[in-house]
Amino acid sequence: MQASQGTSPPNATGPRPPEQAAAIDLIAAVRAYLHYLASTGLDALPSTAIVPRPGAAAPATIKGPPEPTEKPRERRPGPLPPAAAAAPVEPARTDLFVDPGLSEARTLEELRDAIGDCQRCRLAPGRTHLVFGVGNPHAELMFVGEGPGRDEDLKGEPFVGRAGQLLTEIITKGMKMRREDVYIANVVKCRPPENRNPEPDEIAACQPFLRRQIEIVGPKAIVALGTFAAQTLLAVRTPIFRLRGHWHDFHGVKLMPTLHPAYLLRNPADKKLVWADIKMVLAELGITV
C-alpha cells in the first residue's frame, strides 16, 4: 500500500489476508511488466473492437424481452441462519502466478531450496552465485537493497563490498547493533551485467522470493535502501528523496525508505539524511543510542 506523498500513513492494524496480499503482488507484477513493455517503445495495446468489412451488412439487433406492464413486487431476503452467518470465508488456496514451493516454504532454508538453481529471468546465465540473504532469520529489522554487485556475486552474500562496509558501519557504529542481528536481502538475487539497474521484468521475476523472505522473517520494520528497493516494495515510481523520512506500509510492516550506501559513497554530505531516517527506525524498535 502506498503512503500519500509527504505524509505518514495511518498505522496498520495487522497483516492483510492472504488473498488480498496475493492480489497486490499480482498487480505489482503486471505493473512492472507494463513498464517493461513501455521501455520497448510500446505505448498502447491493440484495439479489440470489431470493424465491419466495407459493404458488409450491419449486424442484426438482438431485442430483449418486452418491458413488463406492471412493476414486480420487491422480495426481500430473510435473515441468514446462524450457522451460515458465522461461517468463515476460506482463503484462496491456489495462486497460478507463484511457484507452490515458495508459498509452502516455512523456513528460509526451505525457501532457498524452492528457488533452486533459478533460471526464471535473463540474469541467471551471467551470475556466479545466487545471492539469497544473510542474518538473523527472526530479526526485528530487515534491510532490503537493490541487487548484488561484483563482490556480492563472487561471495554469494549481500552487501560485502564498499557499500556493504558502509552499511555495516551504520548498523554497528550508528545503531549499536550486530550485523548478524538483522536480516539483509536484495530485490533481485543475481547481479545485473556491469552493475546496471535491474529491469522491470527481472524485478517481477524475483519479487515473490523477496515477499516470502519478509513473511518468513516477520520483521517489525524494514529499511529499503535506495530507489529500486523502495519503489519495488511500495509499488510506486516516486523519487527516493520524496519517499525517505516518512513511514510507509508494506503489508502491515512499517517500512522506511532511505538512501543507498553506494549513493553515500559518492555523496557523503547526505549521510545526515540517512542518520535522520535511521533514528526514526531506532525509535520504532525502542532502541536508544
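Residues numbered from 1 in each chain as written. Predicted model: local features only at pLDDT ≥ 70, side-chain atom pairs only at ≥ 80, totals over all residues. Heavy atoms only, no water.

Novice: Is there a simple way to explain the overall build of the protein in this structure?
Specialist: Check the secondary structure of the protein and you find 11 helices and 6 strands. Sorting the 289 residues of the protein into buried and exposed places 37% on the buried side. Looking at the protein alone, contacts between residues at least 24 apart form 71% of all its contacts between residues at least 6 apart. Of the roughly 17,600 Å² of accessible surface on the protein, 56% is carried by carbon and sulfur atoms. (Helix = DSSP H or I, 4+ residues; strand = E, 2+ residues; numbered from the N terminus. Buried < 20%, exposed > 50% of the residue type's maximum accessible area, 1.4 Å probe, protein only. Contact = heavy atoms within 4.5 Å. Areas by Shrake-Rupley, 256 points an atom, 1.4 Å probe, with all protein chains shown as cover.)

Novice: Sorry, what's going on with the side chain of Lys 189 here?
Specialist: Following the sequence through the fold, Lys 189 ends up in the loop between strand E3 (183-186) and helix H7 (200-217). Buried within the structure, Lys 189 lacks any salt-bridge partner; its nearest side chain of opposite charge belongs to Glu 215, at an N-O separation of 13 Å. Separated by 2.8 Å, the side chain of Lys 189 and the backbone oxygen of Asn 186 make a polar contact. Those residues within four positions of Lys 189 in sequence are excluded, and the remaining contacts are His 129, Leu 130, Val 131, Phe 132, Pro 148, Cys 206, Phe 209, Leu 210 and Gln 213. (Lys, Arg positive; Asp, Glu negative; His and termini not counted. Salt bridge = Lys/Arg side-chain N within 4 Å of Asp/Glu carboxyl O. Polar contact = N/O pair within 3.5 Å; in protein donor to acceptor, adjacent residues only side chain to side chain.)

Novice: It is not clear to me how the packing of aromatic side chains should be interpreted in this structure. Could you clarify?
Specialist: Two numbers describe a pair of aromatic rings. These are the distance of the centres and the angle of the planes. Evaluation of the coordinates by the stated rule reveals 1 aromatic pair. For the ring pair Phe 241 and Tyr 263, a centre distance of 6.0 Å and an interplane angle of 75 degrees mean the geometry is edge-to-face. Pair noted here: Phe 241 is in helix H9 (residues 240-243) and Tyr 263 is in helix H10 (residues 261-266), with a separation of 22 residues, a long-range link. Residue classification places Phe 241 among the partly exposed positions, given a relative accessible area of 43%. (Phe/Tyr/Trp six-rings, centres within 6.5 Å; stacked < 30°, edge-to-face > 60°.)

Novice: Explanation requested: the pattern of salt bridges in the structure shown.
Specialist: Opposite charge on two side chains permits them to pair, given that their charged atoms come into close proximity. With the rule as written, the count across this model stands at 12 salt bridges. Among the salt bridges present, the one from Asp 201 reaches Arg 122, with a minimum N-O distance of 2.9 Å. Linking Asp 201 in helix H7 with Arg 122 in the loop between helix H4 (108-115) and strand E1 (134-135), this pair joins segments that are 79 residues apart in sequence. Two residues, Glu 157 and Arg 179, come together in a salt bridge whose shortest N-O distance is 3.5 Å.

Novice: Mind showing me how you'd approach helix H6 (residues 162-174) here?
Specialist: Three or four residues apart is the spacing at which side chains of an α-helix point the same way, because the helix has 3.6 residues per turn. When the terminal C-alpha atoms of H6 are compared, their 17 Å separation across 13 residues agrees well with the 18 Å that a helix rising 1.5 Å per residue should span. The secondary structure elements touched by the buried residues of H6 are strand E2 (141-145), E3, strand E4 (221-225), H10 and helix H11 (271-285). Backbone geometry just downstream of H6 places Lys 176 in the positive-phi region, at approximately 60 degrees. (Expected span 1.5 Å × (residues − 1).)

Novice: Help me out: how do you make sense of the side chain of Arg 244 in this one?
Specialist: Note that Arg 244 resides in the loop between H9 and strand E5 (248-250). The class of Arg 244 is buried, set by a relative accessible area of 15%. Of note is the side chain of Arg 244, whose polar atom sits 3.3 Å from the backbone oxygen of Leu 273. Beyond its immediate sequence surroundings of up to four residues, Arg 244 is in contact with Pro 257, Thr 258, Leu 259, Leu 273, Ala 276 and Asp 277.

Novice: What am I meant to see in the state of the cysteines here?
Specialist: In a disulfide, the sulfur atoms of two cysteines are covalently bonded to one another. Going through the model one piece at a time under the given rule, you end up with 0 disulfides. The thiol of Cys 121 is not disulfide-bonded; the next cysteine sulfur, from Cys 190, is found 6.1 Å away. (Disulfide = S-S within 2.5 Å.)

Novice: What is the right way to read the confidence of the model for the protein from this model?
Specialist: A residue-level look at the protein finds 66% of positions with pLDDT of 70 or above and a mean pLDDT of 79. For the stretch residues 39-65, pLDDT sits under 50, and the model shows 1 contact to residues farther than four places along the chain or on other chains. A low-confidence stretch, residues 74-96 stays under pLDDT 50, and its non-local contacts, those more than four residues away or across chains, total 4 contacts. (pLDDT = per-residue confidence, 0-100.)

Novice: Explain the environment of Tyr 263 here, please?
Specialist: Taking the relative accessible area as the measure of exposure, Tyr 263 reaches 22% and is therefore partly exposed. Separated by 100 residues in sequence, Tyr 263 and Ala 163 have C-alpha atoms that sit 8.4 Å apart. Residues in contact with Tyr 263, not counting those within four places in the same chain, are Phe 241 and Asp 270.

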